[in-house]
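Structural overview
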Amino acid sequence: MLRSLTARAGLSENASLAEVVEAVRSMPYGRPTERSAQGALAEWRGTCSTKHALLAALLAEHWPHTEPRLVHRVYRCTPADAARRFGPAAAAAVPEEGLWDVHRYLTIDLNGNRVVIDVTFPSGPGWDGAGSMQVACGRGTDHAAGSDPDADKRALEEAHCDPRVREPFIAALGGSSGPGPR
C-alpha cells in the first residue's frame, strides 16, 4: 500500500512519517465505494474511518514503533458546532436538536508520548511531525478500537446514532470542501 500511496501522492520511495501522514490527510473527504483502507487508496478519497484505517495499516507495516491505535469518539453535533467545524453545507444537514455521531482518529507513540493524529479533512493545518493534532469533531467520549475496529464503530453507531439523521450529515460533509473555520 505504501508504494501506491507514494506514487499517487508524488512522494519519494523514502517518504518520511510526516509526509505519509500529510499524503493521507490530503485525500479528499468522501465515502469510497469499498469502505476500507484499500478502497480509500484505490479511489483516492476517504472518510474518518477509511483514511485512519489506511494510515494505521501503513504505520503498523512501515513504522511499527509508532504503535498506531485507532480511537472512536462518540460526540454530539449541533447546527452551530457543524457550522463552525465543517461549514454551512454540513450545518444545514444537522437538525435543530443536533445529532450523535461516531468519529475515528488514531494515536501513535512518538518519543514515548501518545500523539493524536486526525487526517479526516484535507483542509486546515497539517501535522507538524511532533505534536498532537486537533480532533476534527471536538469533544466527546473516546473508545479504543479493538481487534475489529469496523465492528466496534458499527456497534457504537447502532448504540448512539440515528442513521436517518446521520447519513445526510455524512453526505453533506463529503459535498463540502471540508471543515470550515475553527
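Structure first, text after, so check above.
These remarks concern the structure in this document. Not measured: the values here are computed from a predicted model. (Residues numbered from 1 in each chain as written. Predicted model: local features only at pLDDT ≥ 70, side-chain atom pairs only at ≥ 80, totals over all residues. Heavy atoms only, no water.)

**Digging into the overall build of the chain**
Counting its regular elements, the chain contains 8 helices and 4 strands. Helices and strands appear in the chain in the N-to-C order α-α-α-α-β-α-α-β-β-β-α-α. In terms of overall dimensions, the chain is globule-like: its C-alpha atoms have a radius of gyration of 16 Å, near the 16 Å expected for 182 residues. By principal-axis analysis of the C-alpha atoms, the chain measures approximately 50 × 30 × 30 Å. A fraction of 66% describes how many contacts in the chain between residues 6 or more apart in sequence connect residues 24 or more apart. (Helix = DSSP H or I, 4+ residues; strand = E, 2+ residues; numbered from the N terminus. Rg over C-alpha atoms; globule rule 2.2 N^0.38 Å. Contact = heavy atoms within 4.5 Å.)

**Some words on the pattern of salt bridges**
Summed over the entire model, instances satisfying the criterion amount to 13 salt bridges. The salt bridge partner of Asp142 is Arg73, with a shortest N-O separation of 2.6 Å. Of this pair, Asp142 sits in strand β4 (residues 141-144) while Arg73 sits in strand β1 (residues 69-77); the two residues are 69 residues apart in sequence, bridging distant segments of the chain. Relative accessible area serves as the criterion here: at 12%, Arg73 is assigned to the buried category. What you see here is one network of salt bridges that share partners, running through Arg31, Asp101, Lys153, Glu157, Arg166 and Glu167. (Salt bridge = Lys/Arg side-chain N within 4 Å of Asp/Glu carboxyl O. Buried < 20%, exposed > 50% of the residue type's maximum accessible area, 1.4 Å probe, protein only.)

**Overview of helix α2 (residues 17-26)**
In an α-helix there are 3.6 residues to a turn, and that puts residues three or four apart on one side. Within the sequence span of α2, burial applies to Leu17, Val20, Val21, Ala23, Val24 and Arg25. As for α2, its buried residues are in contact with α1 (2-9), α4 (48-62), β2 (99-110) and β3 (113-117).

**Some thoughts on the pairing of β2**
Within β2, 10 of the 12 residues are buried, which leaves the element mostly enclosed by the surrounding structure. Where β1 meets β2, 9 bridges bridge the pair, whose relative direction is antiparallel. Directly across from Arg73, in β2, lies its bridge partner His103. Inspection of the sheet shows β2 paired to β3 by 5 bridges, in the antiparallel sense. (Pairing = 2+ DSSP bridges.)

**Description of empty space enclosed by the protein**
Scanning the entire structure with this criterion turns up 1 cavity of 30 Å³ or more. In this model, the largest cavity occupies a volume close to 70 Å³. Lining the largest cavity we find 13 residues, and of these Tyr75, Asp101, His103, Phe121 and Leu173 sit closest to its centre. Mapped by element, the contributors of at least two residues to the lining of the largest cavity are β2 and α8 (163-175). Considering each element in turn, the lining of the largest cavity owes the most residues, 3 residues, to β2. Classifying every residue of the lining of the largest cavity gives 10 nonpolar, 2 polar and 1 charged. (1 Å grid on protein atoms, 1.4 Å probe; cavity = no way out; pocket = protein on both sides within 12 Å on 5 of 7 lines; lining within 4 Å. Points joined across faces, edges and corners; volume = space filled by probe spheres on them. Nonpolar A, V, L, I, M, F, W, Y, C, P; charged D, E, K, R; others polar.)

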